[in-house]
Amino acid sequence: MAVDLLISQLPAIVIDGIVFGLQLSLISVGIVMIFGLGRILNLSHGEFAVLSGIVTALLLHTVGIVLAIIIGIIASTLLGAILYKVVLFYTFKLHGEHRTLIGFFVTLGLALLLHGYLTNQFTGTILIIRPPITTVSISGYTFRLSSILSGVISTLLLIGLASFLKRTKVGKAIRAVSQNEVGAIISGIPVSKILLIVFVIGAALAGSSGIIRGLYTNLEPHQGIELTILALLVAVVGGVRSVFGTMIAGIILGIVYIVVNFLIGTYISFVVLLISAAVTILIKPQGLLGDRD
Amino acid sequence: MTNVLLVEHLFGGYDEVTILRDINIKIDNNIKSVGLIGPNGAGKTTLFKTISGLLKPKKGKISYNGTEITYLPAHKRVDIGIAYVPAEKEIFPRMSVIDVLELGAYTKRARDKMAENLDLVFSIFPRLRERKWQKAGTLSGGEQQMLAIARGLMSSPELLLLDEPTTGLAPIIVSQIYSTIKKLVQIEEQLKVFIAEQRTDEIFDSCDFVYVLENGKILMMGTTDDLRTDERIKKSYLGLM
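Residues numbered from 1 in each chain as written. Chains lettered and ligands numbered in written order. Predicted model: local features only at pLDDT ≥ 70, side-chain atom pairs only at ≥ 80, totals over all residues. Heavy atoms only, no water.

Notes on the pairing of strand β8 (residues 192-197) of chain B
Two faces make up the sheet, and in a regular strand the side chains alternate between them.
All names here are of chain B.
(1) Moving on: The element β8 is largely enclosed, with a buried count of six among its six residues.
(2) Moving on: Burial of the side chains of β8 extends over both faces: K192, F194 and A196 are buried on one face and V193, I195 and E197 on the other.
(3) Moving on: Pairing between strand β3 (residues 33-37) and β8: five bridges, direction parallel. Its bridge partner being in β8, G35 is matched across the sheet by I195.
(4) Moving on: Bridge analysis of strand β7 (residues 159-163) against β8 gives five bridges, and the strand direction is parallel. Residue L160 lies in a different strand from β8, and its bridge partner there is V193. (Buried < 20%, exposed > 50% of the residue type's maximum accessible area, 1.4 Å probe, protein only. Helix = DSSP H or I, 4+ residues; strand = E, 2+ residues; numbered from the N terminus. Pairing = 2+ DSSP bridges.)

Some details on the interface of chain B and chain A
(1) Moving on: Contacts between the two partners involve 20 residues from chain B, matched on the other side by 21 residues from chain A.
(2) Moving on: Carbon and sulfur atoms make up 60% of the surface buried where chain B meets chain A, a total of about 2,000 Å² over both sides.
(3) Moving on: Three residues, B:F92, B:R94 and B:Y106, lead the burial of chain B against chain A; their summed loss comes to 38% of the area buried on that side.
(4) Moving on: At the boundary of chain B with chain A, the tally comes to two salt bridges.
(5) Moving on: Among the ionic pairs, A:K172 bridges to B:D99, the shortest N-O distance being 3.0 Å.
(6) Moving on: Applying the counting criterion to the chain B and chain A interface returns six residue pairs in polar contact (both at pLDDT 80 or more).
(7) Moving on: At the level of secondary structure, the elements contributing two or more residues to the side of chain B that touches chain A comprise α2 (74-79) and α3 (97-104) of chain B.
(8) Moving on: Of the residues forming the side of chain B that touches chain A, the biggest block, four residues, is contributed by α3(B). (Contact = heavy atoms within 4.5 Å. Buried area = accessible area lost by both parts, 1.4 Å probe. Salt bridge = Lys/Arg side-chain N within 4 Å of Asp/Glu carboxyl O. Polar contact = N/O pair within 3.5 Å; in protein donor to acceptor, adjacent residues only side chain to side chain.)

Let's talk about the sheet that holds β8(B)
Residue and element names in this part refer to chain B.
(1) Moving on: The six strands are arranged β6-β7-β8-β3-β9-β10 in an open sheet whose pairing can be described as mixed. Lying at the two open borders of the sheet, with one neighbouring strand each, are β6 (82-85) and β10 (217-223). This sheet shows a mean twist of 15° between the axes of neighbouring strands, independent of strand direction.
(2) Moving on: Strand direction decides the pairing type here: β3 and strand β9 (residues 209-214), joined by four bridges, are parallel. (Axes fitted to C-alpha atoms, helices over the stretch in contact; angles between N-to-C directions.)

Considering the environment of A:I264
(1) Moving on: Topologically, A:I264 is positioned in the loop between α11 (243-263) and α12 (266-283).
(2) Moving on: Here the alpha-carbon distance between A:I264 and A:L230, two residues 34 residues apart in the chain, equals 18 Å.

A look at a nonpolar patch on the surface
(1) Moving on: Taken together, A:V63, A:I65, A:V66, A:L67, A:I70, A:I71, A:I74, A:L78, A:I82 and A:V86 make up a surface patch of nonpolar side chains, about 840 Å² in accessible area.
(2) Moving on: Element by element, the count of residues in the nonpolar patch is highest for helix α4 (residues 65-91) of chain A, at nine residues. (Patch = residues over 30% accessible without salt bridge, like charges linked within 9 Å, V, L, I, M, F, W, Y side chains within 5 Å. Areas by Shrake-Rupley, 256 points an atom, 1.4 Å probe, with all protein chains shown as cover.)

Quick look at the sheet that holds strand β4 (residues 59-64) of chain B
Residue and element names in this part refer to chain B.
(1) Moving on: Strand order in the open sheet formed by four strands is β2-β1-β4-β5, and the pairing between neighbours is antiparallel. Only two strands of the sheet have a single partner each, and these edge strands are β2 (17-27) and β5 (67-68).
(2) Moving on: Direction of pairing for β4 relative to β5: antiparallel, over a ladder of two bridges. Residue pairing in the sheet places Y64 in a bridge with T67 of β5.
(3) Moving on: With respect to the sheet, helix α1 (residues 44-52) is in contact with β1 (5-14), β2 and β4, its orientation differing from that of β1 by roughly 115°.

A short note on the packing of aromatic side chains
(1) Moving on: Inspection of every chain in the model, using the stated rule, returns 11 aromatic pairs over all chains.
(2) Moving on: Aromatic pair A:F20 and A:Y257: ring centres 5.0 Å apart, planes at 35°, arrangement tilted. Of the two residues, A:F20 is situated in helix α2 (residues 10-38) and A:Y257 in helix α11; the sequence distance between them amounts to 237 residues.
(3) Moving on: Measuring from ring centre to ring centre gives 5.9 Å for A:F104 and A:F105, while their planes differ by 80°; the resulting arrangement is edge-to-face.
(4) Moving on: Look at A:F105 and you get exposed, because its relative accessible area is 53%.
(5) Moving on: Linked through ring pairs, A:Y84, A:F89, A:Y90, A:F92 and A:F199 together constitute an aromatic cluster.
(6) Moving on: Residue placement shows A:K169 over the ring face of B:Y106; its charged tip is 4.5 Å from the ring centre.
(7) Moving on: Against the face of B:F92 rests B:R151, its NZ or CZ located 5.1 Å from the ring centre. (Phe/Tyr/Trp six-rings, centres within 6.5 Å; stacked < 30°, edge-to-face > 60°. Lys NZ or Arg CZ within 6 Å of the ring centre and 35° of its normal.)

Points about the nonpolar core
(1) Moving on: If you look at the biggest cluster of nonpolar residues, it comprises 127 residues, and the most contacted ones within it are A:I189, B:L101 and B:L147.
(2) Moving on: Looking at this core element by element, the count peaks at 13 residues for helix α9 (residues 191-216) of chain A.
(3) Moving on: If near-sequence neighbours (up to four positions away) are discounted, A:I189 is found in contact with A:A173, A:A176, A:V177, A:A184, A:I194, B:H75, B:L103 and B:Y106.
(4) Moving on: B:V7, B:L10, B:L36 and B:L159 belong to the second largest nonpolar core, which has 28 residues in total. (Core = buried A, V, L, I, M, F, W, Y, C linked by side-chain atoms within 4.5 Å.)

See the structure below:
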């Protein structure tokens with residue numbers, strides 16, 4: 001019965017899964033880059049998405065959509081820069097396992113703090129952006145325009161990031177630091193400035209992801225932790241080093257999540273995702289695309 | 001006349017461990033190449049890491065062209081002309097050779113001279129030109145060593161610190177690397193090379209001045225010609241080779 005329904009709605013569900021997955025990838029690439037460079041798993045990363053979404057939602061009806069989105073992204077970008085300068089800069093001064101462990105507690109603390117603040121102060125502030133045209137028809141199937149739009153924007157942002165890392169001087173310096181920190185220092189690359197840049201880019205992309213979520217579904221203040229966990233899974237499955245690995249992992253996990261969600265329910269889909277991540281680590285410890293970047 | 005490098009009463013090492021004790025080194029403008037010889041564990045790498053800024057000194061003073069740089073961050077030392085080529089090479093394994101070389105020219109100092117320096121490193125290491133698009137991690141040991149030296153040269157250094165540039169390489173590659181270093185010192189008028197080595201013969205063959213480091217202390221120093229005839233050197237170093 002559920003399966004019949006699934007088959008009839010499959011294209012729409014797959015599109016939803018892809019869109020959701022790409023949105024997670026946008027959060028995940030920030031986690032991946034920060035971990036690749038600094039060996040710190042940023043557990044507060046999903047809160048950047050929520051912050052941008054809330055700021056945009058608050059401003060949407062007063063300053064217009066374009067400005068609201070811009071200010072929303074600036075908000076999380078600034079928060080990223082401040083958090084790095086004030087809190088994480090000192091964590092990055094530590095070395096080895098120390099840094100990873102302290103980083104774990106510091107970012108978990110930040111996540112809880114931001115989560116508490118955002119859910120208490122902005123209860124009921126929900127970001128919903130709906131384009132004037134609701135559906136488009138592609139070869140007989142009807143899709144929601146907002147889904148298509150979300151997917152396209154996410155993809156463009158991810159491709160933009162990948163080419164930034166591949167082609168620009170700063171992008172190459174970012175990869176250099178993640179491949180060999182000492183090698184980067186003796187090339188004259190200022191590592192702590194590069195970390196700041198990565199933090200800011202990561203925060204901006206997560207912020208964009210939150211706003212994109214408001215486009216195809218709703219973004220609510222409490223979703224930060226959930227988004228962080230899902231993005232972490234995407235990061236692990238994608239192999240914590242490559243943007244394309246993260247993108248593909250996001251799409252796969254997004255589809256799995258939406259399909260299981262449709263067939264059974266939300267909490268089971270989390271379990272299924274955790275199992276998928278565990279199986280990936282067992283089969284391919286380097287993640288889907290391994291050590292490429 | 002100011003010295004290119006002046007190390008005064010330097011103490012250094014890692015966290016709790018002091019390795020270098022009261023090191024004094026002077027490289028002035030009359031010298032082109034300086035050797036640092038000494039057995040494994042003497043502190044050669046510690047000294048180079050301290051001069052390049054990767055390790056903070058515990059005491060003492062380091063000056064470069066008359067300016068004190070004792071606590072200058074490592075990446076800024078590259079920008080004033082100090083390049084360190086570590087024994088571990090520290091290349092970027094998943095980047096192409098050309099990308100690694102371009103990153104070597106990251107500093108303001110080197111940016112404008114990138115094309116010129118690229119010509120230089122390709123002329124002294126033609127092998128790297130052939131491997132331009134290959135991932136650095138897939139190069140052979142000798143080629144990786146060439147790449148590490150070439151990356152150092154891309155930063156337009158005035159002082160090039162080479163830490164055991166031939167460790168683990170086949171004898172033929174060793175002599176190739178040393179003849180390249182000698183050639184390099186000849187073509188680059190401004191360049192001073194400071195080489196740490198266990199291979200005493202190569203150092204005596206290619207350097208003007210030699211420091212002998214043992215147990216973290218400078219045991220002897222002098223021009224290559226003076227030290228070559230020194231009985232202690234003959235006995236403990238040259239005799240072995």
